[in-house]
Amino acid sequence: MIYQNCIALLGDDLEPHFCKRIEIEDGVIVGIDAGERVSRLTEGMCVLIPGLVNAHTHMGDAAFPDGATGLSLEAAFFRPNGFKYRELAKLPEAEHLAAVADALAYMAGSGTVAHIDFREQGALGARLLRTASAQTGVSSIILSQFTDSPFDMTELEANAAGLPEQHRKELLSLVEESDGFCESTINDLTDPAWHEIHQLTRATGKARAIHCLENEGYRELSLKRTKMGDLARAIKNFSPDLVVHMTVANKEEIAILADSGISAVINPRANANLGLPLPPVAALLDAGVNVLLGTDNGMLNSPNLFAELDFTYKLAKSQYGDAVRPDPVTILKMATSNLGKTRWGSQFPGRLEVGGPATFVELDFKQKHLCRSAHLVASILTRVTPADVLRTVRDGRTIYQR
Ligand SMILES: [Zn+2]
């Protein structure tokens, strides 16, 4: 595959350069003939950006778009009786697979090459997503949770029990089927159970992720049970690779996360759709946290990272309180090169360079609404929609073409 006379966002800092020629062989970029830096267009051109990675999804729930409308966070999403768990339990597998594969195909058409999915339904749920991923070419990094809650309320309050034998067995199969483990909140399990999960996932080289501080209730319940907030407790007992949400994080909690070096995944559109506060993007950036972007639940939100980038950029500007900060590149990195700083960085470095994977999105900046862009990266955030994606390529393989 060869591209000629296009613009590509190169390196970690996504610098737009005019490129006479970009050469791809066996899924790898083998040559870039890069010329001058270009930030504004004088004529329409094709623009290559690194393939986008969605760092927090629940695509199993894409079978019920907007099904949570009118329901609270608890009524829609919490185990055991939340809307999603009731609906998933009665959905025939073939229908479910078709819905998930359709959602993944939409992601490919929106420039997304991979997603980190918080998959329900245990090992079966992981296998279903694996099949949809193979059908569409979008890479699914699957983090699984237990099929059913291991503990009742009394056991959770006492916070002393280890995993029941049945769940210990299930954990072994999850670790085998999936790329890692996640749970809704740290309050869903006891501390001894978190220690066991931490040990097993660490010994088997699997990833760990957890939702923290999505609302005040996460912190309050954890404080009541353990005298420790949910974020500090998650870091101490589970040592996650990713902390998702941080929606109501205060200054002290942002500092704790920054000290830990753990990446945050924010999901501003999903938070807004649930009537929650918006995540402190500006404060997380100022604290030096590595921030990633997700679209969260497929029932709640479309898995369209261009929409999420636009919303996040404007939210961050509003929080900084001026029109100058942040630089648009800072926001685009959240779906690209910031992935390179995580455990998935070798597979998804989120940057275009010689020797790196040919994983990119071709954007049609020849169109009339884009061809006069006076700031390319800002236009990618605020004007590009999935309709402007010409092609999505992962490791040299075209997974979407307009
Ligand atoms: Zn989630």
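See above for the structure.
Predicted model, so just to flag it, every value in this text is computed and none were measured. (Residues numbered from 1 in each chain as written. Predicted model: local features only at pLDDT ≥ 70, side-chain atom pairs only at ≥ 80, totals over all residues.)

1. Thoughts on the pairing of strand S1 (residues 2-10)
Point 1. Here eight bridges tie S1 to strand S2 (residues 15-25), and the two strands are oriented antiparallel to one another. Bridged to Cys6 within S2 is Cys19.
Point 2. Where S1 folds back on S2, the antiparallel hairpin that results is connected by four residues, among which Gly11 adopts a positive phi of roughly 70°.
Point 3. With two bridges connecting them, S1 and strand S4 (residues 45-50) associate as parallel partners. What sits directly across from Ala8, in S4, is Leu48. (Pairing = 2+ DSSP bridges. Helix = DSSP H or I, 4+ residues; strand = E, 2+ residues; numbered from the N terminus.)

2. Topic: helix H3 (residues 93-109)
Point 1. With 17 residues, H3 ought to run about 24 Å at 1.5 Å a step, and its terminal C-alpha atoms sit 24 Å apart, in line with that.
Point 2. Along H3, the residues that are buried comprise His96, Ala99, Val100, Ala101, Ala103, Leu104, Met107, Ala108 and Gly109.
Point 3. For H3, the secondary structure elements touched by its buried residues are strand S5 (52-58), strand S6 (112-119), helix H4 (122-136), strand S15 (389-394) and strand S16 (397-401).
Point 4. Just downstream of H3 lies Gly111, where phi reads positive at about 85°. (Expected span 1.5 Å × (residues − 1). Buried ≥ 20, exposed ≤ 12 C-beta atoms within 10 Å, placed from the backbone. Contact = placed C-beta atoms within 7 Å.)

3. With respect to the sheet that holds strand S10 (residues 242-245)
Point 1. Pairing is parallel across the open sheet formed by nine strands, whose spatial order is S12-S11-S10-S9-S8-S7-S6-S5-S13. Where the open sheet ends on each side, the last strands, each with one partner, are strand S12 (291-293) and strand S13 (296-297).
Point 2. Relative to strand S7 (residues 139-144), S6 runs parallel, the two being bridged by six bridges. Its bridge partner being in S7, Phe118 is matched across the sheet by Leu143.
Point 3. The strands touched by helix H9 (residues 230-238) are strand S9 (207-212) and S10; relative to S9, the strand with the most contacts, the crossing angle is about 165°. (Axes fitted to C-alpha atoms, helices over the stretch in contact; angles between N-to-C directions.)

4. Side note on the packing of H9 against helix H10 (residues 251-260)
Point 1. Here H9 crosses H10 at 20°, and the two axes come no closer than 10 Å. In this view, H9 runs roughly parallel relative to H10, as classed from their interaxial angle. In the packing of H9 onto H10, the handedness of the crossing is left-handed. In this structure, H9 uses Leu231, Ala232 and Ile235 to contact H10, whose residues at the interface are Glu253, Ile256, Leu257 and Ser260.
Point 2. Classifying every residue of the contact of H9 with H10 gives five nonpolar, one polar and one charged. (Parallel < 35°, antiparallel > 145°, perpendicular 65-115°, else oblique. Left-handed = near helix turned anticlockwise from the far one by under 90°. Nonpolar A, V, L, I, M, F, W, Y, C, P; charged D, E, K, R; others polar.)

5. Focus on the sheet that holds S1
Point 1. Spatial ordering of the open sheet is given by S3-S2-S1-S4-S14-S15-S16, a layout of seven strands whose pairing is mixed. If you trace the sheet from one side to the other, it starts and ends with strand S3 (28-37) and S16, each paired once. Sheet twist, expressed as the mean angle between neighbouring strand axes with direction ignored, is 30°.

6. Things to note about helix H8 (residues 216-226)
Point 1. Looking only at H8, the buried set comprises Tyr218, Arg219 and Ser222. Buried residues of H8 fall within an arc of 90° about the axis and therefore sit on the same side. Relative to its buried face, H8 has exposed residues pointing more than 90 degrees away, namely Glu216 and Lys224.
Point 2. The elements touched by buried residues of H8 are S9 and H9. (Arc of directions from axis to C-beta.)

7. Re the packing of H4 against helix H6 (residues 165-177)
Point 1. One can describe the packing of H4 onto H6 by two numbers: an axis separation of 9 Å at closest approach and a directional angle of 10°. Taken together, H4 and H6 sit at an angle that is classed as roughly parallel. Considering the relative orientation of H4 and H6, their crossing is left-handed. Each of Gly122, Ala123, Ala126 and Arg127 in H4 lies in contact with H6, whose residues at this interface are Glu170, Ser173, Leu174 and Glu177.

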